[in-house]
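Results of the structural survey
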Amino acid sequence: MEIMADDYDTGDTLRPLVFRLHENVPSIVREVLLERGWTEFDRKEQDDADWNLYWRNSPFRMTDYHSIKPWQRLNHYPEAVRITRKDYLARHLKRMKGAYGSALYEFSPVAFIMPNDYAKFIAEYSNERQSVGRRPSYWICKPADLSRGRGILIFQDIKDLVYDCTVIVQKYISNPLLISGYKLDLRLYVCVTSFYPLTIYTYEEGLVRFATEKFDLGSLDNVYAHLTNTSINKYGASYKKYKEGIGCGCKWTFSKFRSYLRIFGVDDMLLWQKIKNIVILTLLAVTPLPVASNCFELFGFDILIDDKFKPWLLEVNYNPALCLDCSTDDTVKRKLLHDIVELLNFKQIDTLRQNQVAGTKAGRRQVPWSAAGGSTTEETPGLLACRKEAKCTSSVQPALQAARGSVRKVATLTKKTARAHPRKTLTSQLREKMNMMKIHSQAKAEAKNKQLSGAGHSPDKSAQLSHWLPTPDLCSYELTMHPYFLSDKDQRPIPRVGDFVLIFPFNEAALQASRDGIDVKSIIKEINKLVSKQLPSKEQNTKKRVSYLTSVGLYDLKNWSLYTREHSTCTQFIKVQDSVEILWKVIYKHCSGVLFQISS
Ligand code: ADP
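The rules behind the values
Residues numbered from 1 in each chain as written. Predicted model: local features only at pLDDT ≥ 70, side-chain atom pairs only at ≥ 80, totals over all residues. Heavy atoms only, no water. Helix = DSSP H or I, 4+ residues; strand = E, 2+ residues; numbered from the N terminus. Buried < 20%, exposed > 50% of the residue type's maximum accessible area, 1.4 Å probe, protein only. Contact = heavy atoms within 4.5 Å. Areas by Shrake-Rupley, 256 points an atom, 1.4 Å probe, with all protein chains shown as cover. Axes fitted to C-alpha atoms, helices over the stretch in contact; angles between N-to-C directions. Parallel < 35°, antiparallel > 145°, perpendicular 65-115°, else oblique. Nonpolar A, V, L, I, M, F, W, Y, C, P; charged D, E, K, R; others polar. Core = buried A, V, L, I, M, F, W, Y, C linked by side-chain atoms within 4.5 Å. Near = heavy atom within 4 Å. Polar contact = N/O pair within 3.5 Å; in protein donor to acceptor, adjacent residues only side chain to side chain. Left-handed = near helix turned anticlockwise from the far one by under 90°. Pairing = 2+ DSSP bridges. Phe/Tyr/Trp six-rings, centres within 6.5 Å; stacked < 30°, edge-to-face > 60°. Lys NZ or Arg CZ within 6 Å of the ring centre and 35° of its normal. pLDDT = per-residue confidence, 0-100. Salt bridge = Lys/Arg side-chain N within 4 Å of Asp/Glu carboxyl O.

This brings us to the overall build of the chain. Within the chain one finds 20 helices and 17 strands. Scored against the burial criterion, the 600 residues of the chain give a buried share of 55%. For the chain, the share of sequence-separated contacts (at least 6 apart) that also reach a separation of at least 24 residues comes to 71%. For the chain, the accessible surface area stands at approximately 26,200 Å², while carbon and sulfur atoms represent 54% of it.

This next bit is on unusual backbone geometry. Across residues other than glycine, the phi torsion is negative in most instances, and most of the peptide bonds are trans. Of note, the bond from methionine 114 into proline 115 is cis; its omega dihedral lies within 30 degrees of zero at 10°. Relative to the helices and strands, proline 115 is located in the loop between strand E5 (111-114) and helix H5 (118-130). Of the consecutive residues threonine 287 and proline 288, the connecting peptide bond is found in the cis state with omega at -5°. Its place among the elements puts proline 288 in the loop between helix H9 (268-285) and strand E14 (297-305). At serine 180, a residue that is not glycine, the phi angle is positive and equals roughly 50°. By relative accessible area, serine 180 is classed as buried at 7%.

It is the contact of H9 with helix H18 (residues 520-534), at a shortest axis distance of 11 Å, that shows an interaxial angle of 170°. Relative to H18, the element H9 is oriented roughly antiparallel. Contacts between H9 and H18 involve Leu270, Gln273, Asn277, Ile280, Leu281 and Leu284 from the former and Val520, Ile523, Ile524, Ile527, Leu530, Val531 and Gln534 from the latter. For the contact of H9 with H18, the class distribution of residues is 10 nonpolar, three polar and no charged.

All right, on to the nonpolar core then. If you look at the biggest cluster of nonpolar residues, it comprises 70 residues, and the most contacted ones within it are Leu186, Phe257, Leu283, Leu284, Phe299 and Phe301. Listed in part, the 33 residues of the second largest apolar core include Tyr189, Phe296, Val332 and Leu502.

Turning our eyes to something else, we now look at the site of the ligand. Taken together, 23 residues surround the ligand, and among them Lys142, Gly149, Thr228, Asn229 and Glu315 come closest. One nitrogen or oxygen atom from the side chain of lysine 86 is found 2.8 Å from an oxygen atom belonging to the ligand. Measuring from an oxygen atom of the ligand, one finds a side-chain N or O atom of asparagine 229 at 2.7 Å. Elements that contribute at least two residues to the shell around the ligand include exactly strand E6 (139-143), strand E8 (167-171), strand E10 (182-195) and strand E15 (311-318). Looking at the shell around the ligand, its residues break down into seven nonpolar, six polar and 10 charged.

Below, the discussion takes up the packing of helix H17 (residues 508-515) against H18. Two numbers describe how H17 lies on H18: the axes approach to 8 Å, and their chain directions differ by 165°. Here H18 runs roughly antiparallel to H17, going by the angle between their axes. Considering the relative orientation of H17 and H18, their crossing is left-handed. Note on element contacts: H18 touches H17 through Ser522, Ile523 and Glu526, opposite Ala509, Ala510, Ala513 and Ser514. Across the contact of H17 with H18, the residue classes break down as four nonpolar, two polar and one charged.

All right, on to the sheet that holds E6 then. Across the sheet, which stays open at both edges, the four strands sit in the order E5-E8-E6-E7 with antiparallel pairing between neighbours. In the strand order of this sheet, the two ends are held by E5 and strand E7 (153-155), each with one partner. Neighbouring strand axes in the sheet, compared pairwise and without regard to direction, differ in orientation by 20° on average. Where E6 and E8 come together, five bridges link them in antiparallel fashion. Residue pairing across strands places tryptophan 139 opposite lysine 171, the latter belonging to E8. Its contacts with the sheet place H5 against E5, E6, E7 and E8, and it is angled at close to 140° to E5.

Moving on to the packing of aromatic side chains. Using the criterion set out here, one finds 20 aromatic pairs in the structure. Judged by centre distance (5.0 Å) and plane angle (70°), the ring pair of tyrosine 54 and phenylalanine 60 falls under edge-to-face. Judged by relative accessible area, which is 7%, phenylalanine 60 ranks as buried. Counting every residue linked through ring pairs, the aromatic cluster contains Phe112, Phe121, Tyr125, Trp139 and Phe155. Between the NZ or CZ atom of arginine 73 and the centre of the ring of phenylalanine 346, over which it lies, the distance is 4.3 Å. The lysine or arginine in question, arginine 258, covers the ring of tryptophan 272, its NZ or CZ lying 4.2 Å from the ring centre.

Attention now moves to the environment of leucine 271. Its location among the elements puts leucine 271 in helix H9. For leucine 271, a relative accessible area of 3% corresponds to the buried category. Sequence-wise, leucine 271 and arginine 258 are 13 residues apart; in three dimensions their C-alpha atoms are separated by 9.8 Å. When sequence neighbours within four positions are dropped, the list of residues in contact with leucine 271 reads Leu261, Ile305, Phe309 and Pro311.

On to the confidence of the model for the chain, then. Confidence along the chain averages 75 in pLDDT terms, with 65% of residues attaining 70 or more. Residue range residues 357-480 is modelled with pLDDT below 50. Its contacts to residues more than four positions away, or to other chains, number 217 contacts. The low-confidence segment residues 588-600, where pLDDT is below 50, has 45 contacts with residues more than four positions distant or belonging to other chains.

Our next topic: the pattern of salt bridges. Tallying each qualifying case throughout the model produces 33 salt bridges. Among the ionic pairs, aspartate 325 bridges to lysine 234, the shortest N-O distance being 3.1 Å. Residue aspartate 325 is found in the loop between E15 and helix H10 (327-343), and its partner lysine 234 is found in the loop between helix H7 (230-233) and strand E13 (251-253); the two are separated by 91 residues along the sequence. Judged by relative accessible area, which is 28%, lysine 234 ranks as partly exposed.

The following block contains the structure:
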């Protein structure tokens, strides 16, 4: 929520929101925030409490989490690396497979962490080789802590496996979905606005990243054919060339890809639902993370789709690349950042920071300190003024009125060069309260975890939704202490913000099971129910194919050639029933390309 000038009666007291960037943050972050009317934090002129959003590419220090103010947000959670280091992720997913069944977690290719799992890997490798009629797998070896395709090796024969650091050796998906012969994967943006309670959004738009040379298992060392990283492919000889079926460069948007799938009658909704389940199940594997207020995490999930349309999780990226290599990047990433800022749900009240924290450098400039205290003996304007007005059960309106009131009050105070409270009093009060909250919630989470590791059931299932609201002690604090990701209207996560769609909690039961700690078992039960509902029957599949064939007029076989062009993924449709199956076979046999409705 951006600040609207109309929201204030006194224009001269309006302050823009302030962003703070650490070194190496991609310039598009600055550009977008400036576009939105924010100003950049000036260390020399402003105090640490004066910024609203602090964006870093590296983890924050614990002190940053402890000193966070209600009007501030950090772009990382503590310990998010639990999911973004390849070896940690592999370990978590393996544990989940053990605890909840491999069927649910089979979206992650079998992986071994080397050198620790060397013996296990050898056992698996030898087993495969000895089984008659089984084609030996291909493997991919990836350094645990590197990104952008660095240090990756694909092999079939163990004699080619070499490594000199911790790596994961993962089954190589050797039957990827190809478009015009090129391999691709999806970069899906996922924003977690809270791990406690778990609140996950996926971004509807995203990037499809292509390899720039045709897929060929005969040349495993050709990185341009086997890796889809832009950081690699942009240096390939074919990057700038026009590639049949793909175009120039190596990226499509999700929208383009999904239209492409629909042309083939592929159920892209089902595919996307499976991907969303992968995201939820993966994040469940790393919960709970330490409790931290006012943070969010933007993850980049890399998803590979195989030729049976099964999505696989390859890895989860910390700081997904935000550099702009091409116009597709610009389209997707600029809007993504705008939508992230919307998701952070800043309020008018958050601009009052400079007045709330007495003694800030900016404050010193704008609101000169007066030990005499000036005209008011009440609490400091701003936060504390709001605290009186807004309890957690109240609507946001009184708080905004209070905020406006505070603005006016501050304006008056500014003129009188007066100040209500010394700096120390207010900041230390705030910090104390926040720490108390954290300790309280942490203790609750820990107690809950102990229960989960035993029974795995939420102890208070009967509790009402209100428990999902801030805890009672939190309610007695300021309005801005309410989790920012809850809507003001009903104190539930906002279902959609821009292209961000809430995927967790996905129903009332999931909400209940994540409200007071994470009840993984119950959540998984809900996901299982969802999955069984989503799986289409054979009949439904056939129906879809028939309706697709009808829609493109392919029931009239004489006309089929009017609708064909470049071939790529028709193989998937051979496995259909009866006449539809035969029809698909005919199409596949005859068309050397993608189907396009070029005539009516
Ligand atoms: P990095 O962090 O170095 O980018 P990834 O795990 O994302 O590492 O792998 C880089 C690329 O390698 C992926 O984008 C994908 O094209 C390919 N890749 C990785 N793992 C597999 C796999 N198991 N099967 C097939 N291709 C893979």
